[in-house]
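Chain by chain, the residues:
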Amino acid sequence: MQHAIDIKTKSATRRIAFIQAGWHKEIVDQCRIGFVAEMATRGYSEDVIDFFEVAGAFEIPLHAKLLAKSGRYAAVVGTGLVVDGGVYRHEFVSQAVISGLMQVQLETEVPVISAVLTPHHFHSHDEHQGFFYDHFLVKGKEAAHACADTIKRLQQIDGMTQDRIAA
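Basis of the calculations
- Residues numbered from 1 in each chain as written.
- Predicted model: local features only at pLDDT ≥ 70, side-chain atom pairs only at ≥ 80, totals over all residues.
- Heavy atoms only, no water.
- Helix = DSSP H or I, 4+ residues; strand = E, 2+ residues; numbered from the N terminus.
- Contact = heavy atoms within 4.5 Å.
- Areas by Shrake-Rupley, 256 points an atom, 1.4 Å probe, with all protein chains shown as cover.
- Core = buried A, V, L, I, M, F, W, Y, C linked by side-chain atoms within 4.5 Å.
- Buried < 20%, exposed > 50% of the residue type's maximum accessible area, 1.4 Å probe, protein only.
- Phe/Tyr/Trp six-rings, centres within 6.5 Å; stacked < 30°, edge-to-face > 60°.
- Pairing = 2+ DSSP bridges.
- Axes fitted to C-alpha atoms, helices over the stretch in contact; angles between N-to-C directions.

Caption draft 1: Broad picture of the overall build of the protein. Helix and strand counts for the protein come out as four helices and four strands. Order of helices (α) and strands (β) in the protein, N terminus to C terminus: β-α-β-α-β-α-β-α. Of all intrachain contacts in the protein linking residues separated by at least 6 positions in sequence, the fraction that spans at least 24 positions is 76%. Only carbon and sulfur atoms are counted for the fraction: they give 58% of the accessible area of the protein, which is about 9,000 Å².

Here is the structure:
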């Protein structure tokens, strides 16, 4: 089994952090399930993935930053479902979350993969629940693809940089 590789030191000690919002847990759990299954097909065992649950999507960026800064993770993945709950406009929350996640990866140079979704119209009836239940499984697989691919490409960049230094 392949393990998450430390991009800077090439050691197999770095892991993948997976942060999941607790709101709409039964739906968001599907992202985790899809992610783990797809990472396994890419040679990453579940034992190299650390799972963290936070209250809601708004809490994901801070956790992502602290985990990225720890030096333990080759990548951080965040997932959540931001819906219009009437008190806060979901557009503001989702913008803050996505901007926060981008800021984390730019500041820490640790890739942050987002599977935080903000449906335009979400209703708690069976049709929407079922659609997003299935859709989060797909988003988990897509997040795994992005995670594994980004780690690989950053390793290639690091290799080119090391070759240039050695030359």
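Next comes the rest of the description.
Caption draft 2: The nonpolar core, seen in detail. One finds Ile16, Phe35, Met39, Ile49, Val77 and Cys147 to be the most contacted residues of the largest nonpolar core, which totals 25 residues. Contributing elements (two or more residues each) for this core: strand E1 (15–21), helix H1 (25–41), strand E3 (73–81), strand E4 (112–117) and helix H4 (126–166). Tallying contributions element by element places H4 first for this core, with seven residues. Contacts of Phe35, omitting those with residues within four sequence positions, involve Ile16, Phe18, Ile49, Val77, Gly140, Lys141, Ala143, Ala144 and Cys147. Residues Ala21, Leu67, Val76 and Val97 belong to the second largest nonpolar core, which totals 19 residues.

Caption draft 3: Up close: the packing of aromatic side chains. On inspection of all chains with the given rule, the structure shows four aromatic pairs. Note on Phe52 and Tyr73: the rings are 6.4 Å apart at their centroids and 85 degrees apart in plane angle, and the pair reads as edge-to-face. In this pair, Phe52 sits in strand E2 (residues 49–54) while Tyr73 sits in strand E3, placing the two residues 21 residues apart along the sequence. Here Tyr73 falls in the buried class, since its relative accessible area comes to 4%. These aromatic residues form a ring-pair network of at least three members: Phe18, Phe35 and Phe51.

Caption draft 4: Expanded view of the sheet that holds E2. On the basis of which strands lie adjacent, the open sheet formed by four strands has the order E2-E1-E3-E4 and parallel pairing. Each edge of the open sheet is held by one strand with a lone partner, namely E2 and E4. Direction aside, neighbouring strands of the sheet carry axes that sit 15 degrees apart on average. Where E3 and E4 come together, six bridges link them in parallel fashion. Within E4, the residue paired with Thr79 across the bridge is Ala115.

Caption draft 5: Highlighting unusual backbone geometry. Phi is positive for His24, close to 55 degrees, though the residue is something other than glycine. Of note in the backbone geometry, Glu109 takes a positive phi value of approximately 60 degrees without being a glycine. If you trace the backbone, Glu109 turns up in the loop between helix H3 (90–108) and E4. The exposure class of Glu109 is exposed, given its relative accessible area of 57%.

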